[in-house]
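Take a look at the letters that make up each chain.
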Amino acid sequence: MRWSLWGSPSLRPQAVLAGLVALVAVSAPAPRDGVRGPLPAALDDSTFWRLSTSMSEPGGFFRSDNFVSNETNYQRILDALDARTPKGGVYLGVGPDQNFTYIVELRPRLAFVVDIRRQALLQQLMYKALFDLSPTRADFLGRLFCRPLADSLHADVDAAVLMRALAVAVPDTACPALTLRDLDRQLTVVHTFPLSAEDLDGIAYVYQSFVEIGPDITYSGDPTRSRSGRFMPGYATMVTETDSAGVNRGYLGSEARYQAIREFERANLLVPVVGDFAGSKALRAVGDYVREHGARVSLFYTSNVEQYLFRNPEAWRRFYANVAALPLDPGSLFIRAVFGGGGYGYGYGYGGQRGGGYLRGEMLVTPIATTLAAFDAGEIQGYWDVLRISR
């Protein structure tokens, strides 16, 4: 049975949206860092940690570890983003390291990665410490997989060259324990983040998964142990993808791009937050902080989270109410990933390297205002309505 958002004819879309925004506003007090005015050029460690913890909600469930993105076309929209995204804004995202590429390309003043899983926050902290410890791409990859790369892999080599070298590099058996010690020290001693023993175990789980599986690690982990893993691109594939002109503009696509994300992270400008997009706290708290500092959310990368929200008739309404409560620019954009297409022709292509094929999704760029207007008008009743207006 098709579920109706509005119920009786007397319950108008505008009234529902206004009521939901008001409810979210009451439910989520804004975090305070003691500063009003322009966004800072960098966050100190205590402010970074306070924002991350005060904005976060209790962790929730997702069906996969989501170690690596499976959105192989994620660079194909970069030209559209460059042309359309308001400059100097705040970035919102979800998931693992594909966020780094969008941040490097768009150079926001601040970024928040909001994910329902606490493990996602811990993975972001793992990356943060690795960036601290790794002055070059070769160092970063060598530490991430415990496969040291030769000094001859200088700054100008293509990412594909780095990944080919990584594939044949001899694993260093002493490296995992030493690197975990360094990650622990970097986060808890250098940054003084009060991580619990359980958090440190979570970081160790993520890191050891990368080391043990290697550069073919996928969204769900080891591709050889899961039937679905055979259809997922691995890390090596993802970081060697290109834009529509065949240029690798990923965060590992050049040494300059790597240095850009490294400096962004070292300035504490990527803040990981545990949050449900349909929750009462995280997105609203981010919006309050951004608003306090006179800034706007210019880009919201949602991946395909909306697909899951539409399984609960209340969740997607709360999500759009949360988005409506954000401080937005008229040109603020959604980036959405879609697989399968639902009859709209999205995401049916297959591609692949290393033998076999994997499903390629499509990336859609849509004004946030377009989605909110459709929601307000009652034109969104299901996930495919979102894809229709995104087209």
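Scroll up for the structure.
First things first, this report covers the structure right here in the doc. (Residues numbered from 1 in each chain as written. Predicted model: local features only at pLDDT ≥ 70, side-chain atom pairs only at ≥ 80, totals over all residues. Heavy atoms only, no water.)

In the structure shown here, the tally under the stated rule is 1 disulfide. Linked covalently through their sulfurs, Cys 146 and Cys 175 form a disulfide whose S-S length is 2.1 Å. The S-S bond linking Cys 146 to Cys 175 shows a torsion near -75°; that makes this disulfide left-handed. Taken together, the residues span a long stretch of sequence, with Cys 146 in the loop between α6 (137–145) and α7 (159–168) and Cys 175 in helix α8 (residues 175–190) at a distance of 29 residues. Classification of Cys 146 by relative accessible area gives buried; the value is 1%. (Disulfide = S-S within 2.5 Å. Helix = DSSP H or I, 4+ residues; strand = E, 2+ residues; numbered from the N terminus. Buried < 20%, exposed > 50% of the residue type's maximum accessible area, 1.4 Å probe, protein only.)

All told, the structure shown has 16 salt bridges when counted by the stated rule. Of the charged contacts in the structure, one is a salt bridge between Asp 79 and Arg 249, with a shortest N-O distance of 2.8 Å. Taken as a pair, Asp 79 in helix α3 (residues 78–84) and Arg 249 in the loop between α10 (235–238) and α11 (255–266) lie far apart in primary sequence, 170 residues in all. With relative accessibility at 9%, the residue Arg 249 sits in the buried group. For Arg 117, the salt bridge identified is with Asp 115, shortest N-O distance 3.4 Å. Given the relative accessible area of 6%, Arg 117 is considered buried. Through salt bridges with shared partners, a single ionic network connects Asp 79, Asp 82, Glu 105, Asp 243, Arg 249 and Arg 257. (Salt bridge = Lys/Arg side-chain N within 4 Å of Asp/Glu carboxyl O.)

Here we come to the pairing of strand β2 (residues 110–115). One face of the sheet, then the other: side chains in a regular strand alternate in exactly this way. When you tally the buried positions in β2, you get 6 out of 6 residues, the bulk of the element. Both faces of β2 are covered, namely the face carrying Leu 110, Phe 112 and Val 114 and the face carrying Ala 111, Val 113 and Asp 115. For strand β1 (residues 90–93) and β2, the ladder comprises 4 bridges, and the chain directions are parallel. Among the inter-strand pairings, Leu 92 is bridged to a residue of β2, identified as Phe 112. Considered for its hand, the β-α-β crossover made up of β1, helix α4 (residues 98–106) and β2 is right-handed. The pairing of β2 with strand β3 (residues 270–274) spans 5 bridges and is parallel. Looking at the pairing, Val 113 lines up with Pro 272 of β3. (Pairing = 2+ DSSP bridges. Right-handed = clockwise from strand over helix to strand, strands pointing away.)

Looking now at the nonpolar core. In terms of nonpolar packing, the biggest core is built from 116 residues, with Phe 112, Phe 140, Phe 210 and Tyr 235 touching the most fellow members. Looking at this core, the element that brings in the most residues is helix α5 (residues 118–133), giving 9 residues. (Core = buried A, V, L, I, M, F, W, Y, C linked by side-chain atoms within 4.5 Å.)

With that settled, the discussion passes to the packing of helix α14 (residues 315–324) against helix α15 (residues 368–376). Packing of α14 against α15 leaves a shortest axis separation of 11 Å and a crossing angle of 130°. Taken together, the axes of α14 and α15 are oblique relative to one another. Crossing handedness for the pair α14 and α15: left-handed. Facing α14, whose interface residues are Trp 316, Arg 317, Tyr 320, Val 323 and Ala 324, α15 presents Ile 368, Thr 371, Leu 372 and Phe 375. (Axes fitted to C-alpha atoms, helices over the stretch in contact; angles between N-to-C directions. Parallel < 35°, antiparallel > 145°, perpendicular 65-115°, else oblique. Left-handed = near helix turned anticlockwise from the far one by under 90°. Contact = heavy atoms within 4.5 Å.)

Another aspect to go through is the environment of Cys 146. In the structure, Cys 146 is positioned 33 residues away from Thr 179 in sequence and 8.4 Å away in space, judged by C-alpha atoms. Look past the residues within four positions of Cys 146 in its chain and what remains in contact with it is Leu 141, Val 170, Pro 171, Asp 172, Cys 175, Pro 176, Thr 179, Tyr 207 and Val 211.

So, on to the sheet that holds strand β4 (residues 297–303). Strand order in the open sheet formed by 6 strands is β3-β2-β1-β4-β5-β8, with mixed pairing between adjacent strands. If you trace the sheet from one side to the other, it starts and ends with β3 and β8 (362–367), each paired once. Across this sheet, the average inter-strand angle for adjacent strands is 15°, counted without regard to direction. Pairing between β1 and β4: 3 bridges, direction parallel. Paired with Leu 92 across the strands is Phe 300, a residue of β4. Across the sheet, helix α2 (residues 45–55) lies against β2 and β3, angled at about 25° from β3, the strand it touches most.

Packing of α5 against helix α9 (residues 197–213) leaves a shortest axis separation of 9 Å and a crossing angle of 70°. Judged by the inter-axis angle, α5 sits roughly perpendicular to α9. Two secondary-structure elements touch here, α5 through Arg 118, Gln 119, Leu 122, Gln 123, Met 126 and Tyr 127 and α9 through Asp 199, Gly 202, Ile 203, Tyr 205, Val 206, Tyr 207 and Phe 210.

Moving on, we get to the environment of Ala 204. Relative to the helices and strands, Ala 204 is located in helix α9. Separated by 21 residues in the primary sequence, Ala 204 and Leu 183 have C-alpha atoms spaced 9.2 Å apart.

For the rest of this paragraph, the subject is α8. Residues spaced three or four apart along an α-helix face the same direction, because each turn holds 3.6 residues. Considered for burial, the residues of α8 that qualify are Cys 175, Thr 179, Leu 180, Leu 183, Gln 186 and Leu 187. Angular distribution of buried residues about the axis of α8 spans 125°; they occupy a single face of the element. Looking at α8, the residues exposed on the side facing more than 90 degrees away from the buried face are Ala 177, Arg 181 and Val 189. Thr 192 occupies a position one or two residues after α8 and carries a positive phi of about 60°. (Arc of directions from axis to C-beta.)

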